[in-house]
Each structure stands twice: as C-alpha cells, then as structure tokens.
Amino acid sequence: MTQAPRRTSLTFPEAVHELAQLIPAGAVLSYGDVAELLGSGSARQSGKAMGAAPDGTPWWRILRADGTITEALATQANLHWEAEGLSKSGRRISMNDKRWNPTPAQWELIDGLRVALGNPKMSEVDDQL
DNA sequence: CTTTTGACAGCGT
DNA sequence: CACGCTGCCAAAA
C-alpha cells in the first residue's frame, strides 16, 4: 500500500497506549512521566487515556507519582506487580527505584511517538529525564 | 459560554 | 506517612 503500515499521526490517547506497550515488565512510569515522554499532554490526560486503554494494555505499569494506583485497580495491580517482581515498600511502589530507564533504542521508539504527535524529538529539546 | 469531571501532581499540615 | 486542598488541562454536559 501507498500508505504507511502505521499511521504517521496519532491522537494523544493512542500514543499513551503505544507507550504503555513499550514499558518492560518490572518497570513503571507515572502518569506525569508519560505526558513528559510524549512531549505533550498532562498527567490527567494520561490518566484519561488509560481509562480507555484497549485489552492487552499493561495499565498496571503506569501509576501515580507517589507509587500508588486508584483504589478500584489496587487489587488487580498487586497481582501483576507481584508476578513481575515489582517490590513494594508497604502499599506503594518505589518509583525512585522502579521507574523505567529507557535504552537508547527505546528512546528512538519514544521519539517516533513524539513525532507522530507532532512534537519535537527528545534530542531537539534536550529534555531527557 | 460556564460547570463538571477525571486511572493526576505538588505542597502544606 | 496519611490527608486535604489547590492547581492543571482537555473533553463533555
């Protein structure tokens, strides 16, 4: 086809879903991190997007900045976290320790999402975490 | 146009 | 460390 296999433009929610898929097991991001990595949107936007995430999306790898998750999902999330070896300190994940640190190759995939959203690449804004 | 609503963040107490 | 309050920001009512 003359059209690219993947759309060259994405809506913010779609980009959030794609990014969630890139997070490796055992790592997590906060909703705010997601917005920053994509170069647009806000933590609330990310949360909204995850609420509409399709089945198969690893939603338990995106949580609040303080390492907790909304009560309605806490029970399910705990099962996944345990299965992936995500240690908790008390009732919360240690974001400090478990936050995803992308490899250079993964940064490129993230850049792809940024571009698909019409935002500049990380290298353009030198905005890495 | 105004108000309400969220799978949120940060700060003060 | 737990709560409560304020700030945010786009979408829906």
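Just so we're clear, the structure is a prediction, and the values are computed from it rather than from any experiment.

Rules used in this analysis
Residues numbered from 1 in each chain as written. Chains lettered and ligands numbered in written order. Predicted model: local features only at pLDDT ≥ 70, side-chain atom pairs only at ≥ 80, totals over all residues. Heavy atoms only, no water. Near = heavy atom within 4 Å. Polar contact = N/O pair within 3.5 Å; in protein donor to acceptor, adjacent residues only side chain to side chain. Nonpolar A, V, L, I, M, F, W, Y, C, P; charged D, E, K, R; others polar. Salt bridge = Lys/Arg side-chain N within 4 Å of Asp/Glu carboxyl O. Helix = DSSP H or I, 4+ residues; strand = E, 2+ residues; numbered from the N terminus. Buried < 20%, exposed > 50% of the residue type's maximum accessible area, 1.4 Å probe, protein only. Contact = heavy atoms within 4.5 Å.

A. Representation of the protein's contact with DNA strand C. Lining the immediate environment of DNA strand C, one finds S42, R44, Q45 and R92. Within the contact set of DNA strand C, a sugar or linking oxygen lies 2.8 Å away from a side-chain nitrogen or oxygen of Q45. Within the side chain of R92, an N or O atom sits 2.7 Å from a phosphate oxygen of DNA strand C. When its residues are assigned to classes, the surface near DNA strand C shows no nonpolar, 2 polar and 2 charged.

B. Quick peek at the pattern of salt bridges. Summed over all chains, the structure comprises 2 salt bridges. Of the charged contacts in the structure, one is a salt bridge between D33 and R99, with a shortest N-O distance of 2.7 Å. Here the residue D33 occupies a position in helix 2 (residues 31–38), and R99 occupies one in the loop between helix 5 (95–98) and helix 6 (104–116), the gap between them amounting to 66 residues. D33 sits in the buried class, given a relative accessible area of 9%. The exposure class assigned to R99 is partly exposed, which follows from its relative accessible area of 33%. Where R61 meets E84, a salt bridge forms, and the shortest distance between an N and an O atom there is 2.6 Å. Of this pair, R61 sits in the loop between helix 3 (43–51) and strand 2 (62–63) while E84 sits in the loop between helix 4 (71–83) and strand 3 (88–89), and the two are 23 residues apart along the sequence.

C. Focus on the protein's contact with DNA strand B. The immediate surroundings of DNA strand B are formed by 13 residues, with R44, G51, W59, R64 and A65 found nearest. Protein-proximal atoms of DNA strand B, defined as those within 4 Å of the protein, fall in sugar or phosphate at a share of 33%. One nitrogen or oxygen atom from the side chain of Y31 is found 3.2 Å from a base nitrogen belonging to DNA strand B. Between DNA strand B and G51, the relevant distance is 3.5 Å, taken from a base nitrogen to a main-chain nitrogen or oxygen of the residue. For the surface near DNA strand B, the secondary-structure elements that each account for two or more residues are helix 2 and helix 3. Of the residues belonging to the surface near DNA strand B, the class tally is 6 nonpolar, 5 polar and 2 charged.

D. Local environment of the side chain of H17. Looking at the secondary structure, you find H17 in helix 1 (residues 12–22). Take H17: its relative accessible area is 13%, and that puts it in the buried class. In terms of polar contacts, H17 uses its side chain to reach the backbone carbonyl oxygen of A49, at 2.8 Å. Aside from chain neighbours lying at most four places away, what touches H17 is A49, M50, A52, A53, P54 and T57.

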